[in-house]
Amino acid sequence: MIRKLTDQDHQQVIAFLSEEPSINLFIIGDLETFGYSSDFQEIWAEFDEQNMMKAVLLRFHQSFIPYAKGEFDTSGFVSIMKKYNQPVSLSGKSEIVEKFEAFPELILGKKQVTFFAECLTDECLSAEDVEFKKADIEDVDKIIALRSSIEEFQVRSDARDILVQAMESNTGRTYYTVENDVMTSCVSTTAENSMSAMIVGVCTRKEYRRKGLATAIMQKLFKDVLDEGKTLCLFYDNPEAGRIYKRLGFKDIGMWTMHR
């Protein structure tokens, strides 16, 4: 049976999702921030005969995230998704998302597959001696300008709004370094919730690279988040970046697929 969830289901769904808090970072964060009664967010769950939850599907605007343990009613979730304007965005664990790709009636965006890694301990972190600052709203334009200067980055048109919203809702933070009033490197979190935080936007201005700036402020940020009892997680598709993250304590926990 699939049904839409309400506030009364919160304890059960969080218990279900918290067995893999990193994988479910986006769903947990959206439920904690926006709840069950907004017009842009809904969540459904499939239950077995004993009323035990076995799968969920979150809608956030036109984006969907499924999560399941074992087999689930994919076609039932697809029938829900078909009711919304196509194309839709879809993301999640690769082995789960692949089940939806078999339904031609879903119009999905461009596919991207990345590694998904998490960090549970600060034992690999060292105390780098670097001066850094925590960004506030006044620094947002500088952060966007730095990210836009990085060739590998694709900065979304709504990136500024997302940064501002994250700061205002305490679901994201940015640490950065500066030299002669120029922002030289930065690292951010996004989708922070009570259990975990996603690392994004790690970058260094080209002329300031190979000085260890990004690694230094990553270690500062990582330690602060871990000290709050949260799990750190991130996506990466660059093997060189993956090696850096693993030296800082990250371990691969799966693959993540996005259609957008």
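As for the pattern of salt bridges
- Under the definition given, this model contains 20 salt bridges.
- For K54, the salt bridge goes to E46, with nearest N and O atoms at 3.8 Å.
- E46 gets classed as buried once you look at its relative accessible area, which sits at 9%.
- Two residues, E228 and K230, come together in a salt bridge whose shortest N-O distance is 3.7 Å.
- Through salt bridges with shared partners, a single network forms among R173, E192, E228 and K230.

Here's the deal with the nonpolar core
- V13 and V56 are the most contacted members of the largest nonpolar core, which totals 65 residues.
- For this core, the element with the most residues is helix α7 (residues 213–227), which contributes eight residues.
- Discounting chain neighbours no more than four positions away, the residues touching V56 are V13, F16, L17, I27, I43, W44, A45, I65, P66, Y67 and F77.

Structural notes on helix α1 (residues 10–17)
- Three or more residues of α1 are buried, namely V13, I14, F16 and L17. The arc that holds the buried residues of α1, viewed along the axis, is 160°, so those residues lie on one side.
- Where α1 is buried, its residues contact α2 (25–34), β2 (41–47), β3 (53–60) and β4 (63–68).

Each value, and the rule that gives it
Residues numbered from 1 in each chain as written. Predicted model: local features only at pLDDT ≥ 70, side-chain atom pairs only at ≥ 80, totals over all residues. Heavy atoms only, no water. Salt bridge = Lys/Arg side-chain N within 4 Å of Asp/Glu carboxyl O. Buried < 20%, exposed > 50% of the residue type's maximum accessible area, 1.4 Å probe, protein only. Core = buried A, V, L, I, M, F, W, Y, C linked by side-chain atoms within 4.5 Å. Helix = DSSP H or I, 4+ residues; strand = E, 2+ residues; numbered from the N terminus. Contact = heavy atoms within 4.5 Å. Arc of directions from axis to C-beta.

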